[in-house]
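One-letter residues, chain by chain:
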Amino acid sequence: MIQDIKVSQWTALLIEQAKRAGLSAAAIAEAVHNKDVEPFIQAGLEGERYTNLFGYSEEHGEPLAQAATEGYRMTFNTRNGLKNWLVQRFGLDEEKDFEVGEGVIHGLRLTLEQLAALQKALAVNWVIAGSRDLPGGMVELDLSIRALQSASQT
């Protein structure tokens, strides 16, 4: 079994931001390998954030290039961080595509492919608390902090 590639939520957000700006996974991996922020700058992103990311990933042993090309699991999600990741990763709009509450995200509508990506990336402190099949190969999910689920089951 292949071990999960684990990265911080911040790292995941920057990877997804770069992809949303038009950089391919291969281009991100090459830039990381060469420690070259120029591709990020050319994509309209802040070079300093990616310079910091290179140092952070080295310091914390994050396989950044591998995460960009193979996927990753985030080590921990905050509510706002997860909301921002959903926006960056799937191009969603918080106002119309889901609702954020205290420790929960309601009504998140995803394709089955997006659901698989979420399941792979979601940190273990969050769970899919409920799901409903929708027409057209879509699902609607409720996400919750794991501790809230444990408390409601006792």
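Everything below is about the structure shown above.
Residues numbered from 1 in each chain as written. Predicted model: local features only at pLDDT ≥ 70, side-chain atom pairs only at ≥ 80, totals over all residues. Heavy atoms only, no water.

1. Brief notes about the sheet that holds strand β4 (residues 104-111)
Whenever strands of a sheet pair, they do so through backbone hydrogen bonds, lying parallel or antiparallel. Threshold: The criterion for strand pairing is that DSSP finds at least two bridges linking the strands in question. Secondary structure elements follow DSSP: runs of H or I no shorter than four residues count as helices, runs of E no shorter than two count as strands, and numbering proceeds from the N terminus. Every axis in this analysis is a line fitted to C-alpha atoms, fitted for helices over the stretch in contact. Angles between the N-to-C directions lie between 0 and 180 degrees. The criterion used for residue contact is that any of the two residues' heavy atoms lie within 4.5 Å.
Taken together, four strands build an open sheet; the order of strands is β3-β4-β6-β5 and the sheet is antiparallel. Because the sheet does not close on itself, it has two edges, and the strands there are β3 (99-101) and β5 (126-134). On average, adjacent strands in this sheet sit at an angle of 25 degrees to one another, irrespective of strand direction. Those strands touched by helix α6 (residues 79-90) are β3, β4, β5 and β6 (138-145), and its axis lies near 15 degrees from that of β4. The strands touched by helix α8 (residues 112-121) are β4, β5 and β6; relative to β4, the strand with the most contacts, the crossing angle is about 130 degrees.

2. Looking at the packing of aromatic side chains
Operational definition: Only Phe, Tyr and Trp rings are paired, with Trp represented by its six-membered ring, and only when their centres lie within 6.5 Å; those with planes under 30 degrees apart are stacked, over 60 edge-to-face, the remainder tilted. Only protein chains enter the accessibility calculation, which uses a 1.4 Å probe. A residue is then buried if its area is under 20% of the maximum for its type, exposed if over 50%, and partly exposed in between.
The final tally for this structure, using the stated rule, is four aromatic pairs. Taken together, a centroid distance of 5.4 Å and an interplanar angle of 80 degrees make the contact between tryptophan 10 and tyrosine 56 edge-to-face. One end of the pair, tryptophan 10, is in helix α1 (residues 9-20); the other, tyrosine 56, is in helix α4 (residues 47-59), and 46 residues separate them in sequence. Given a relative accessible area of 28%, tyrosine 56 falls into the partly exposed group. Ring geometry for tryptophan 85 versus phenylalanine 90: centroids 5.5 Å apart, planes at 85 degrees, classification edge-to-face. The structure contains a cluster of three or more aromatic residues connected by ring pairs, namely Phe40, Tyr50 and Phe54.

3. Some details on the nonpolar core
Just so we agree on the cut-off: The nonpolar core is taken to be a set of buried Ala, Val, Leu, Ile, Met, Phe, Trp, Tyr and Cys residues, with the residues joined through side-chain atoms within 4.5 Å.
Membership of the largest hydrophobic core comes to 41 residues, with the highest contact counts inside it found for Phe40, Tyr72, Trp85, Leu86, Leu108 and Leu118. Among the elements of the structure, α1, α2 (25-34), α4, α5 (64-70), α6, β4, α8 and β6 are those that each provide at least two residues to this core. The element that contributes the greatest number of residues to this core is α1, accounting for five residues. Aside from chain neighbours lying at most four places away, what touches tryptophan 85 is Ala12, Leu13, Glu16, Tyr72, Met74, Phe90, Ala117, Leu118 and Ala121.

4. Brief notes about the packing of α6 against α8
Going by this rule: Should an angle fall under 35 degrees it is taken as roughly parallel, and over 145 as roughly antiparallel, whereas 65 to 115 is taken as roughly perpendicular and any remaining angle as oblique. We call a crossing left-handed when the near helix sits turned anticlockwise from the far one by less than a right angle, and right-handed when that turn is clockwise. Residue polarity is assigned by list, with Asp, Glu, Lys and Arg as charged and Ala, Val, Leu, Ile, Met, Phe, Trp, Tyr, Cys and Pro as nonpolar; anything else, Gly included, falls into the polar class.
For the pair α6 and α8, the least separation of the axes is 12 Å and the interaxial angle reads 135 degrees. Taken together, the axes of α6 and α8 lie oblique to each other. Along this stretch, α6 crosses α8, giving a crossing that reads as right-handed. In this structure, α6 contributes Trp85, Leu86, Arg89 and Phe90 to the contact, and α8 contributes Gln114, Ala117, Leu118 and Ala121. Classifying every residue of the contact of α6 with α8 gives six nonpolar, one polar and one charged.

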